[in-house]
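If you want the building blocks of each chain, they are given just below.
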Amino acid sequence: MAAKKKSRSTRARAEAAPDAIALLSADHRKVEKLFKQYEKADGNSKKAALAEQICTELEIHTLLEEEIFYPACRKKGVETDDLEEAQVEHDSAKVLIADLKEHTPRDQFYDAKMTVLTEYIKHHVQEEERPRRGVFAQARSSGVDLQSIGRQIEARKSQLTEEAQASQLPKPTLRSLTVASLVS
């Protein structure tokens, strides 16, 4: 009898475990909503607050994908070219995020940079969520343990959110771009 209860309990936990793709997709929807709010925002202080929130959400999201989701996908044979393209997209976004965090909505090009970041992220999301061929579809079809990865993502996101609230997020690392040669 105890064995039956234990297996039901284990099965219930597995069924209740968050799906990694659902968690990452929820992040996508949240950031899309924030981008729309930024577009409609009046006043520099409102834009600055939204930009800060957008940047933080994206920093956390890219860390989750790079530390947990993409390595799990690689192990299961998800298309390397797609994962490498996703990394370049992340790194391009990180450059814009770093620049936005150093400036304010009063600065020249600020809104243009946010527009370009919005376009980068929209493209990135479309690539990941593309039916049958996107990274998410490949992860699902290749047998990535989405519940186990989901639990890892949930735990790491909680940790990163606390770090963000304490202004202690890890400094973003570029993995695919070298921009030092552009800076004089």
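Residues numbered from 1 in each chain as written. Predicted model: local features only at pLDDT ≥ 70, side-chain atom pairs only at ≥ 80, totals over all residues. Heavy atoms only, no water.

## Details of the overall build of the chain
Then, in step 1: Helix and strand counts for the chain come out as seven helices and zero strands.
Then, in step 2: In the chain, 76% of the contacts between residues at least 6 apart in sequence involve partners at least 24 apart.
Then, in step 3: With the model as given, the accessible surface of the chain reaches about 11000 Å², and the carbon-plus-sulfur share is 51%. (Helix = DSSP H or I, 4+ residues; strand = E, 2+ residues; numbered from the N terminus. Contact = heavy atoms within 4.5 Å. Areas by Shrake-Rupley, 256 points an atom, 1.4 Å probe, with all protein chains shown as cover.)

## Overview of the packing of helix α2 (residues 20-40) against helix α5 (residues 110-129)
Then, in step 1: One can describe the packing of α2 onto α5 by two numbers: an axis separation of 11 Å at closest approach and a directional angle of 155°. Between α2 and α5, the angle is such that the two are roughly antiparallel. Here α2 runs over α5; the crossing is left-handed. Contacts between α2 and α5 involve Ser25, His28, Arg29, Val31, Glu32, Phe35, Tyr38 and Glu39 from the first element and Tyr110, Asp111, Met114, Leu117, Thr118, Ile121, Val125, Glu128 and Glu129 from the second. (Axes fitted to C-alpha atoms, helices over the stretch in contact; angles between N-to-C directions. Parallel < 35°, antiparallel > 145°, perpendicular 65-115°, else oblique. Left-handed = near helix turned anticlockwise from the far one by under 90°.)

## Observations regarding the pattern of salt bridges
Then, in step 1: Using the criterion set out here, one finds 14 salt bridges in the structure.
Then, in step 2: Two residues, Glu66 and Lys94, come together in a salt bridge whose shortest N-O distance is 3.0 Å. Linking Glu66 in helix α3 (residues 44-75) with Lys94 in helix α4 (residues 80-102), this pair joins segments that are 28 residues apart in sequence.
Then, in step 3: On the basis of relative accessibility, which here comes to 7%, the residue Glu66 falls in the buried class.
Then, in step 4: In this structure Lys94 comes out as buried when scored by relative accessible area, which is 8%.
Then, in step 5: Here Arg156 and Glu163 are joined by a salt bridge, their closest N and O atoms 4.0 Å apart. Across the pair, exposure class does not vary: Arg156 and Glu163 are buried alike.
Then, in step 6: What you see here is one network of salt bridges that share partners, running through Glu66, Asp91, Lys94 and Arg175. (Salt bridge = Lys/Arg side-chain N within 4 Å of Asp/Glu carboxyl O. Buried < 20%, exposed > 50% of the residue type's maximum accessible area, 1.4 Å probe, protein only.)

## Regarding the confidence of the model for the chain
Then, in step 1: In the predicted model, the chain carries a mean pLDDT of 91, and the fraction of residues at 70 or more is 88%.
Then, in step 2: When the elements of the chain are averaged for pLDDT, helix α1 (residues 2-16) gives the smallest value, 53, and α2 the largest, 98. (pLDDT = per-residue confidence, 0-100.)

## A short note on α2
Then, in step 1: With 21 residues, α2 should reach 30 Å at 1.5 Å per residue; the first-to-last C-alpha distance of 31 Å fits that figure.
Then, in step 2: Of all the residues in α2, the buried ones are Ala20, Ile21, Leu24, Ser25, Asp27, His28, Val31, Leu34, Phe35 and Tyr38.
Then, in step 3: Where α2 is buried, its residues contact α3, α5, α6 (135-142) and α7 (146-165).
Then, in step 4: Its side-chain oxygen at 2.9 Å from the backbone nitrogen of Ile21, Asp19 defines the N-terminal cap of α2. (Expected span 1.5 Å × (residues − 1). Polar contact = N/O pair within 3.5 Å; in protein donor to acceptor, adjacent residues only side chain to side chain.)

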